[in-house]
Structures are given as C-alpha cells and as structure tokens.
Amino acid sequence: MAAVDAAEVVVATSAQEAVEAFGSGADVTVVAGGTIVVPEITHGRLRPRRALLLGGAGLAGLTREAGRTTVGAMATVAALDQAPEPLRSTARHVADAEIRAQATLGGNLCAPPGEQSPRGDLQAALIALGAQVRSAGADGERTEDVEEFLAASPGGRLVLDVSFADPQAGSTAAVRRPHAHAYTVLAVCAARTGGQVRIAASGAGPRAVRCRAAEAAFADAGDAQAAADRVLDDVTPHDDALASAWYRSRTLPVLVRRALTDLT
Amino acid sequence: MRLTVNGTEHEVLSPPLTTLLEVLREELSITSPKAGCQQGGCGACTVLVDGEPRRSCLTPVAAVDGARIATVEGLGTPDDLSVVQAAFHEHYAAQCGFCTSGFMMAAQALVDRGGEPSREEIRQALSGHLCRCTGYVKIIDAVTAAVNGEVDTGRSEADAGPQGEDAVTLIPGSPA
C-alpha cells in the first residue's frame, strides 16, 4: 500500500529511545495503541514519513502512592479501571473491551479533534482532576497543566505520563448513544481536590473545556443548579453528526447539575 | 518480521506499518479475518494476539513482530469442530457469516479465560462486534453454551456422524 511503503519506522524499545527518536516531533507520526492513527493511514488520509511505534517502549503502568496517581502514556484505557473517579467511569465507557485493551491514555489525550464527532473522551476527566502532563519535545522535557497542554498543540509533544492528586470525590454525567458499543456524545466531569471543585465538559467542542464560571458559582453557594446555569459562559456548543448545538445547549446544564449532585 | 499464525511460523515481508489484517489476508492468504469497516468499529477482523482479542485492522504488523496469532483457521476442521464452532453451528449463530470469525475469536478468548462469565459479561466481551443479519440473541446463546461447555462437538466419537457432515456447510472461510 502506497501510504505505508515510504515510511521510515522506529520501534522504540525504551522510553529513552522513544524520546530520542521523537526529537522535536517534526514529521513524526506517533503510533501508540493505533486505534485512531492506523485507520487514518489505511484510508490514505495520513501518509507518515516517519513513524514511531511505542508498544515496546514501556511508559505503561499506573501507580497510586502518597495520595497521587501517575499513569504512563502507554497505559491502556482498560488499565484506567484502577484510576480514581471520574477517570475510571469515563474510561469504562470508551468504545468496547477490545478497543479499551488497545487504546492508550496518551493517544486519547493527543487525539486530534474529529471532523464529524468529538474525540478524546478522557480529556474532561483529566481537566477535572487538575492533571499534570509530563512530555518531551523540541525544548526537552516539561510538565504542565493538562489545560495548557491541550491549548498548545499536542502534536509537537511526546506524552510520557500524566499525574494528579487523588481527589476527595469525583463524578461524571453523560449523554451516551446506545449502539453495539456505546459512545459518548456529551459528558461533564467534576472532581473535588484539596477542597476545590473543578468542572469540565467534553463533546461540546473540538477539545474538552474547563467550566470556570460554573466552578465559581458552585464555590459561592454549593448550589448545583446555580453552577449549571453558568456552564454556557465557558462552552459554546456546536453542531456535528452526533447532536445539534441546540440539543447540546439544553443538555449540558442538566449534566452539570447531575454531576455536581453526585459529587458527594 | 516474524509471526506465528495458528502454530506456523511465517516471515513477513510487507512494510512495517501494514496492518496485521492486510498481512494475514494479502500476504499469508489467511482470509477468515474480514476487512469490514477497517476503522475498528465492527470487529470482523478480530484475531487473538498472544491470546488476547485484537482488531487486526488497527494493528501495524511491526507492533506485533514475534507474536502468536490465532485465527479461525486454527480452531477446528469440518470434521472436527472446536467448541466455539460447534456452539455457533448448534445455535444457528451465523447467517451471512461475515461477522462470524470475529465473534468466534472473541468467544475463544472468553473460553480460554475460563471461569463462568454471566450473560452480561458475555455481552460486554462481544460488544465490539457488529452483526447486521441475525441480531445477537443466537450469538450470545452460542457463546454462553461454549463458555459453559454445553456443546456437543462430536470430538469424542469415532464417527462424527450427521453433525460432522452438516457442519461442512457452516465452515468459515467463505465468503473470503
């Protein structure tokens, strides 16, 4: 197949090898679990010049110690069953068991927005948890808030791991589409960490969005409805193949109220 | 690169980013894994990679260099059906047959895992597989029978008898 013939392929056998092969990230197509990028190649939408396969690079594993959870970029979505809420429940609703055993946290975090439907279901959970992303790239290694990571282009970075303080509570509420395997149209995640509640929405734009106005309203009065009323301050829902902007605008406040009501 | 497919070792010459599905079908002429959606949505291409069910359409062959691959070709023969094949036969769990090999390999992984999965756990394990003909009731019935060992494969009999002959009509491999 023409799309794969020309590619130079590196199969990294350690994290260090992966970082070296990634370099500045220019012209490198990273293949983690492959669930998103491989169809792009198969159908000729992506023609990699260099490909970096991470399956043998380590970078997997999920550790929980001293009140902090660290998840390697190559940890599978299935492995997130050991993560705190709302990451655990969010991960359980990604695709189906076979895909969850192949897809990775790093791949999900770096998923480019889909043209017809949202991608990156885990992003809202990671924003709600105030996660820190450790990555390598042109200016070496750095660690930053997941929001900053997503705002810059993840394309130029190689995610190494993601970590966050374990929350006191976490919850999620979502509109899921019943299918042979469910997928998520719209979701709200909330987590209370160190007394602070963070709220984020996914499926309401190209990437997950933190809902700061709703957070502020909730911090003032602890009133889930008051927070719900402010969610559209930060989120401008769009039309796509899954739902209309109108539907999303009506549903999002309900999800915020439900998620916050469940945040015990 | 090397793959051991159904116990036979093969050297693979396709470019490293070629999907496992394409290597199996086009280079090795092993055609039970089907090219359905080719984007991970239908499960028709599922094979076992080192015993775990994986979508071969999502897997670059370089990512599974050296792995053991199992496909329907390795399950049984027309005269000697495996438990999963016999269960699908007994429960009329195939119609056009296009999705059947993916379902069978997912079912085989469940059987291999052992234990006594509930009907709901079986549904979850099969949830990545689409069937557009029969619906899922008969398929889930078949897999339930297979995991519970409630299947007559005829393997213990010297003469496979009528079941063995009937089974010929249901052998996967077509449509190729």
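Values in this document were obtained by computation on a predicted structure and should not be read as measured data. (Residues numbered from 1 in each chain as written. Chains lettered and ligands numbered in written order. Predicted model: local features only at pLDDT ≥ 70, side-chain atom pairs only at ≥ 80, totals over all residues. Heavy atoms only, no water.)

The next subject is the overall build of chain A. Scanning chain A from N- to C-terminus turns up 11 helices and 12 strands. Relative to the globule expectation of 18 Å for 264 residues, the C-alpha radius of gyration of chain A, 18 Å, shows essentially globular dimensions. Expressed along its principal axes, the backbone C-alpha trace of chain A runs to roughly 55 × 45 × 35 Å. Split into buried and exposed, the 264 residues of chain A put 51% on the buried side. When the accessible surface of chain A is split by element, carbon and sulfur atoms take 48% of a total near 10,900 Å². Of the charged side chains in chain A, 25 are positive and 30 negative; the average position of the first set lies 4 Å away from that of the second. (Helix = DSSP H or I, 4+ residues; strand = E, 2+ residues; numbered from the N terminus. Rg over C-alpha atoms; globule rule 2.2 N^0.38 Å. Buried < 20%, exposed > 50% of the residue type's maximum accessible area, 1.4 Å probe, protein only. Areas by Shrake-Rupley, 256 points an atom, 1.4 Å probe, with all protein chains shown as cover. Lys, Arg positive; Asp, Glu negative; His and termini not counted. Charge placed at Lys NZ, Arg CZ, Asp CG, Glu CD.)

All names here are of chain A. Membership of the largest hydrophobic core comes to 36 residues, with the highest contact counts inside it found for Leu80, Leu87, Leu109, Leu122, Leu126, Val146 and Val162. Where this core is concerned, the elements lending two or more residues are helix H4 (87–92), helix H6 (105–110), helix H7 (123–128), helix H8 (146–151), strand E8 (157–165) and strand E10 (183–193). It is H7 that provides the largest number of residues to this core, a total of five residues. Once residues lying within four places of it in the same chain are set aside, the contact partners of Leu80 are Leu62, Val71, Leu87, Arg88, Ala91, Leu105 and Leu122. (Core = buried A, V, L, I, M, F, W, Y, C linked by side-chain atoms within 4.5 Å. Contact = heavy atoms within 4.5 Å.)

Okay, helix H2 (residues 15–22) of chain A next. Residues and elements named next belong to chain A. Along H2, the residues that are buried comprise Ala18, Ala21 and Phe22. One face of H2 carries all of its buried residues, which in axial projection span an arc of 100°. Among the exposed residues of H2, those pointing more than 90 degrees away from its buried face are Gln16 and Glu20. On the buried face of H2, the contacting elements are strand E1 (8–11), strand E2 (28–31), strand E3 (50–53), strand E6 (132–137) and E8. Count one or two residues on from H2 and you reach Gly23, which has phi positive near 55°. (Arc of directions from axis to C-beta.)

Attention now goes to the environment of A:Arg210. Residues and elements named next belong to chain A. Tracing the backbone through its elements, the reader meets Arg210 in strand E12 (residues 209–210). A relative accessible area of 12% places Arg210 in the buried class. On a C-alpha basis, the gap between Arg210 and Pro167 in space is 17 Å, while along the polypeptide they are 43 residues apart. Filtering out sequence-adjacent residues up to four positions away, Arg210 remains in contact with Ile127, Glu147, Gln196, Arg198, Ile199, Ala200, Glu215 and Asp234.

All names here are of chain B. Axis separation between helix H2 (residues 83–90) and helix H3 (residues 100–113) bottoms out at 9 Å; the angle between their running directions is 125°. Taken together, H2 and H3 sit at an angle that is classed as oblique. Seen along the crossing, H2 lies across H3 with a hand that is right-handed. Between H2 and H3, the residues in contact are Val84, Gln85 and Phe88 and Thr100, Phe103, Met104, Ala107, Gln108 and Val111, respectively. Among the residues forming the contact of H2 with H3, the class breakdown is six nonpolar, three polar and no charged. (Axes fitted to C-alpha atoms, helices over the stretch in contact; angles between N-to-C directions. Parallel < 35°, antiparallel > 145°, perpendicular 65-115°, else oblique. Left-handed = near helix turned anticlockwise from the far one by under 90°. Nonpolar A, V, L, I, M, F, W, Y, C, P; charged D, E, K, R; others polar.)

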